[in-house]
Amino acid sequence: MTRALIVAAVLVVMGLLKLPVESDLAARHRAEHFRGIEFNLDLREKLGQLGFMAALSGFRSIVADALFIQAHAAWEDTEWGRMLLLFRHITTLQPRVLLFWDTAAWHMAWNASVAAMNDANEPRQALRVKAQREYFALGKDFLERGIKNNPDRPELYEALARLYKEKYKDHERAGEYYAKAATLPEAAPWDRRFSAYELSYCEGREREAYERLRSLYDEGEKERLPTLIKRMKFLEDKLGLPQEQRIIETEPPKR
């Protein structure tokens, strides 16, 4: 009975000692925008004991950079599965580094998807298409989780918009993410314009798209770019606008 009481007392004391440490670690993670990030056993197995301890001891950037070099080597060797695992660990270690999320998504949705579609070892097109779309989804997942950890930065919203536009051919979603990027303080000047361009390709939303393009056009010469004018003229024809409501500029001659 005495031994059991001693063990219980030791456990209680250890628990009390751990509380401030765990609380401090949780606070640091929140301050650094760790959302949905977990230092788990899988990461420990991958990094090894020394690497895992280094990651917890404030050397996450060094460990992440070392893994990034390994991921680059995996890309050169077209080891897509290994590269995927490495990037998952890299982004776990450094969730506030946009380069890691963006590069991971690019490798998955562009490089690996193209390799899957052109895989000479898989004669069935249906399976190649399936693999391709799985890589699209992996790229999208990296960007969505990157945005979750970096909601205040426009670059990953822009990357996700490009993915929807170029890989999914989903102009509506592409426009939504360009629009979200445009609301952020560090947004690029073209985000609003690209959002309106994408909307102009959406069936049934021509009127809304035209009004947004017209609003940009009315801001002055800096917004009156060839693509904007071309999309406006396309929508004017599709909407059947009377001549007096149309813009009077002509498109510059093609070179």
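About the thresholds
- Residues numbered from 1 in each chain as written.
- Predicted model: local features only at pLDDT ≥ 70, side-chain atom pairs only at ≥ 80, totals over all residues.
- Heavy atoms only, no water.
- Salt bridge = Lys/Arg side-chain N within 4 Å of Asp/Glu carboxyl O.
- Helix = DSSP H or I, 4+ residues; strand = E, 2+ residues; numbered from the N terminus.
- Contact = heavy atoms within 4.5 Å.
- Buried < 20%, exposed > 50% of the residue type's maximum accessible area, 1.4 Å probe, protein only.
- Lys, Arg positive; Asp, Glu negative; His and termini not counted.

Here we take up the pattern of salt bridges. A complete count under the given rule lists 21 salt bridges for this structure. Linking Lys140 and Glu144 is a salt bridge whose minimum nitrogen-to-oxygen distance equals 3.4 Å. With Lys140 and Glu144 both in helix α6 (residues 125-149) and 4 residues apart, this pair spans about one turn of that helix. Here the residues in one salt-bridge network are Arg192, Arg193, Glu219, Lys222 and Glu223, joined through shared partners.

It is worth spelling out the environment of Leu156 at this point. In this structure, Leu156 sits in helix α7 (residues 155-166). Sequence-wise, Leu156 and Leu143 are 13 residues apart; in three dimensions their C-alpha atoms are separated by 6.1 Å. Residue contacts for Leu156: discarding those within four places in its chain leaves Leu98, Trp101, Asp102, Leu143, Gly146, Ile147 and Asn150.

Let us look at unusual backbone geometry. Of note, Thr78 is a non-glycine position whose phi angle comes to about 50 degrees, a positive value. Positionally, Thr78 belongs in the loop between α3 (60-76) and α4 (80-93). A relative accessible area of 49% means that Thr78 is categorised as partly exposed. Here Lys169, not a glycine, exhibits a phi torsion of approximately 55 degrees, which is positive. Its place among the elements puts Lys169 in the loop between α7 and α8 (171-182).

Residue position: Lys167 is located in the loop between α7 and α8. For the buried Lys167, no salt bridge is present, and the opposite-charge side chain at shortest range is Glu166, 6.0 Å distant. Sequence-distant contacts of Lys167, that is, excluding residues within four places in its chain, are made with Ala109, Trp110, Ser113, Phe136 and Arg162.

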